[in-house]
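# Structural description and commentary
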Amino acid sequence: MTLARLHGIVALVFVFFIFNCTRLGAQDASTVAIRGTVSDASGARIAGAQVDVVSTGTAIVRRLRSNDSGTFAIEMLPPGEYWVRVYERGMGKQEQQVRPEIGGAAQIDFVLLPGTVRQEVEVASRATIVDAVGSDVSRVIDEKTIDETPVNGRRFTDLALLTPGVTQDPRGLTAGSNGDLSFGGIRGYQTSFLVDGADFNNGFFAQQQGRFRAPYHFSNDVVQEFRVSSNAYGAETGRAGGAVINVATKSGTNQMHGSAFYYLRDSNLSASFPFSGIKPNGQQKQWGFTVGGPLKQNKIFFFTGWDQHNFDDPNVMRFLTGQPTVIPTIADYDPLDQGLIVAQAAKLSQMGGDYHAALDGSAKFLKVDIALNAKNYLSLRGNTSKFEGANNVFFDPGNPVTNSPMSSNGEETVRTDSLLASLTSTLSERWMSHARLQFSRDLEQSFANSTDARTKIYGIVDGFGRSTMLPRETREHRFHAAETLSYANGRNDWKIGVDALLTWDYNYFPSMYGGEFEFDNIRVNPWTFAPMTYGERLTPLRAYAHNAPRYYMQSFGSAVSHPDSREYAAFAQDSLRLTSHLGVNLGVRYDLRTYPSNGLQVNPIWPTSGKLPSPKNDFAPRVAVAYAFGDHKPLMVRAGYGWFYTRIPQIYESSVQTGSGLGQSFLFLDAQQAAQGRVFPTYPSPLVDCGVHVTTCVPPASVDRYLTTEIYAFDPHFQTPFVQQASLTLEKEMSSKLVVS
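Residues numbered from 1 in each chain as written. Predicted model: local features only at pLDDT ≥ 70, side-chain atom pairs only at ≥ 80, totals over all residues. Heavy atoms only, no water.

### A look at the overall build of the chain
We count it as follows: Helix numbering and strand numbering both begin at the N terminus, where a helix is a DSSP run of H or I of at least 4 residues and a strand a DSSP run of E of at least 2. Buried residues are those whose accessible area, probed at 1.4 Å on protein chains only, stays under 20% of the maximum for their type, while exposed residues exceed 50% and partly exposed ones sit between those limits. Reported accessibility uses the Shrake-Rupley method at a 1.4 Å probe radius. Residues are deemed covered only where the shown protein chains occlude them.
Across its full length, the chain carries six helices and 45 strands. Residues counted as buried form 56% of the 741 residues belonging to the chain. Carbon together with sulfur atoms contributes 57% to the accessible area of the chain, which is approximately 31,600 Å² in total.

If you want it as structure tokens, here you go:
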């Protein structure tokens, strides 16, 4: 029996179990839930008690009654602070203020006293800060932490590093950028970002929108809180093998409120950079404001924010020797050409030292919340960010030292926009609906500083002239639609949901279309300096001075691809509170991904080329258990196990589209080989001047015999990569503000 078939059988068993449970349910991952019990002084449960949940900020009321077993559950509430009030005829009133965290639930147990004893009890027993039902391994970074923790650059997702098991993925790490966040050693691109329940990922690169080419896309001041779930056993979250970062943004209330900030980081107030001993003259400035309040009391609310930043930190060019200048050695010349070598070294040295680099941008945010009526709550959110600058393609404000001279750098512009509509509806006292529609776009474009062919001198400079990565443009548009239905019954609840994520991509990447010369050790005719097999040996610097490159490379073909995709998902989840001490979470998720066939070509010599996989058996079963030892401040034991399918970055799809071996080719010439030397271009002119912004580049017939090609293809038996996660956690509430786990 194959692993995939066994996996499907396990998933079907979960589905059967879930849908044969009498009552099912769970809170939405981007919202919160409030659950509890209502009893009298003898401990007997009270059925039909009135339960009101009132938002402290907006005064919006959600109302229901306790069920026959004296339990209640209110699902899909916006994250925030609430008063929970319980009434029953002939009994006193009790109320409790709670603040459930995003994706979590607050549990409150009320005890009503006879009205003749006391008509009103102002504060019920305190809601525990330890969730006695949830079994996922996660942590919430709250508003206080976001506001008060100093973060260089003010990117709130950097605070995820406060979560156990979270590290920086070294593949995207620089001194000024934490790069992708890795959870449990899993690669960073397997992390998923959700904002207000909607997707906030770049499908092409499999990173958050805007990637880490821009500092941030939401100001810290508009983020209310976010949950980092490294082992989320709820079936609602998917497309992530590592973790899910679930963000809730702020909303307006009945009170006008706002904030303003200004931050300055000046090199004159800072120490020198470690190990380098340099301190270039630079500044980082960030400022902005937020304003929120009512447009109509208890009905319509707004919240808006604006964040501007200017990073002006010069790059400090160092050659591969670590020095700001090129100093010839005795091996680089003989008495006849010493003057020439020294002059060329001085010319190269002009690339060393400081040159201007800047990154400027802004992030804007607007959110409007509308209570349409007692049963429907509409939230509209729009945000936009734009970042641009000078010499900011290779730009690291945390470490100005670079081996890239200004000519190989460039200018990059990143813009992200999203519009989200979210409707939460009370269909009945037990049924809730949470629908989301979002349109987003991520526009990234880079321009080269130079049109010259790239030049590399081994041991001296990694390259000057047009970078092999520039120019580049990626335009991604995404439409995300999701619907979650929840049936809440206090003890046993359930939810089901579906979502569709449609992506349209345009990718332009003329890598190495400008050509590259490489100067390495080479043997030449000592009189003409023409390459030859058994001539005089030149060092790379001396070869550069005599215009004698060793190697030449250039790519040809089409630089444009359209790696579109269609992603669909469905899930069912059951959260059962079997006893007051035992909670069980069962779920199953199904993911399907399809691709349009446009742009695909099958190479006859490699039949699997030009084909994209679409596995049909991506079922992901998940189970979790939580048990509480004790009643007051219990010791919680949590265990879970689940399958998690990862995303397939659409850059792979782009490689299949352009890498069938039919249109792309690569030229590599060695000037020291006589036959290749006859077609070797004269430095510094490229073999074919394709221009900077062309979409196709065609090689001349004279080099056909030296062209090679690569074929990118998926294995015909390819299955979506998945991660199996299991966890066991002990957690103990020591005090009202301290939890040890």
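### Quick word on the state of the cysteines
Inclusion rule: Counting rule for disulfides: a pair of cysteine sulfur atoms within 2.5 Å.
Enumeration according to the criterion identifies one disulfide in this entry. Cys-690 shares a disulfide with Cys-697; S-S distance 1.6 Å. Per residue, the accessibility class of Cys-690 equals that of Cys-697, and both read buried.

### Some thoughts on the sheet that holds strand β21 (residues 315-317)
As a general point, the strands of a sheet are linked pairwise by backbone hydrogen bonds and lie either parallel or antiparallel. We apply this condition: Pairing between strands is defined by DSSP: at least two bridges between the two strands are required.
Spatially, three strands are ordered β22-β21-β25 in an open sheet, and the strand pairing comes out mixed. At either margin of the open sheet sits one strand with a lone partner, and together these are β22 (353-355) and β25 (401-402). With three bridges joining them, β21 and β22 adopt antiparallel strand pairing. When the bridges of β22 are listed, Val-316 appears paired with Asp-354.

### Some remarks on the sheet that holds strand β4 (residues 71-77)
Applied cut-off: To obtain each axis, a line is fitted to C-alpha atoms, and for helices this fit is confined to the stretch in contact; angles are then taken between N-to-C directions over 0 to 180 degrees.
Spatially, β4-β1-β7 is the arrangement adopted by the three strands of the open sheet, whose pairing is mixed. Of all the strands in the sheet, just β4 and β7 (105-112) have a single pairing partner and so form its edges. Averaged over all adjacent pairs, the angle separating strand axes in this sheet is 15 degrees, with direction ignored. Sheet topology note: the strand β1 (residues 32-40)/β4 ladder contains five bridges and is antiparallel. Within β4, the residue paired with Ile-34 across the bridge is Ile-74.

### Some words on helix α3 (residues 338-349)
Quick reminder of the rule: Multiplying 1.5 Å by the helix residue count minus one yields the expected span of that helix. Contacts were defined at the residue level, with two residues in contact if any of their heavy atoms lie within 4.5 Å.
With 12 residues, α3 extends 16 Å between its outermost C-alpha atoms, agreeing within 8% with the 16 Å of an ideal straight helix rising 1.5 Å per residue. On the buried face of α3, the contacting elements are β28 (454-457), β29 (461-464) and α4 (540-545).

### Looking at the packing of aromatic side chains
Describing an aromatic ring pair means giving the distance of the ring centres and the angle of the ring planes. Here is the rule we go by: By convention, a stacked pair of Phe, Tyr or Trp rings (six-membered ring in the case of Trp) has centres within 6.5 Å and planes under 30 degrees apart, an edge-to-face pair has planes over 60 apart, and any other such pair is tilted. A ring has a charge above it when a Lys NZ or an Arg CZ is no more than 6 Å from the ring centre and no more than 35 degrees off the ring normal.
Counted according to the given criterion, the structure contains 25 aromatic pairs. Between Phe-156 and Phe-226, the aromatic rings sit 5.4 Å apart at their centres with planes inclined by 65 degrees, giving edge-to-face as the arrangement. In this pair, Phe-156 is assigned in the loop between α2 (143-148) and β10 (166-168) and Phe-226 in strand β16 (residues 223-231), connecting sequence segments 70 residues apart. The class for Phe-156 is buried, based on a relative accessible area of 7%. Three or more aromatic residues link up through ring pairs in this structure, and these residues are Phe-464, Phe-517, Phe-519, Tyr-544, Tyr-552, Phe-680 and Tyr-683. Between Arg-154 and the ring centre of Phe-261, over which it is positioned, the NZ or CZ distance is 4.2 Å.

### Observations concerning the environment of Gln-338
As for its position among the elements, Gln-338 is in helix α3. Put simply, Gln-338 and Pro-328 are 10 residues apart on the chain and 9.2 Å apart in space, counted from C-alpha to C-alpha.

### Points about the nonpolar core
Where we set the bar: Remark: nonpolar core denotes a set of buried residues (Ala, Val, Leu, Ile, Met, Phe, Trp, Tyr, Cys) joined through side-chain atoms within 4.5 Å.
Membership of the largest hydrophobic core comes to 41 residues, with the highest contact counts inside it found for Leu-348, Ile-457 and Phe-464. Looking at this core, the elements that each hand over two or more residues are α3, β29, β31 (492-508), β32 (516-519), β33 (522-524), α4, β35 (551-558) and β41 (665-670). Top element by residues in this core is α4. It accounts for four residues. If near-sequence neighbours (up to four positions away) are discounted, Phe-464 is found in contact with Leu-348, Met-351, Pro-405, Ser-407, Ser-408, Ala-453, Arg-454, Thr-455, Ile-457, Tyr-544 and Tyr-683. Ranked by size, the runner-up nonpolar core spans 22 residues in total, among them Val-223, Val-228, Phe-303 and Phe-365.

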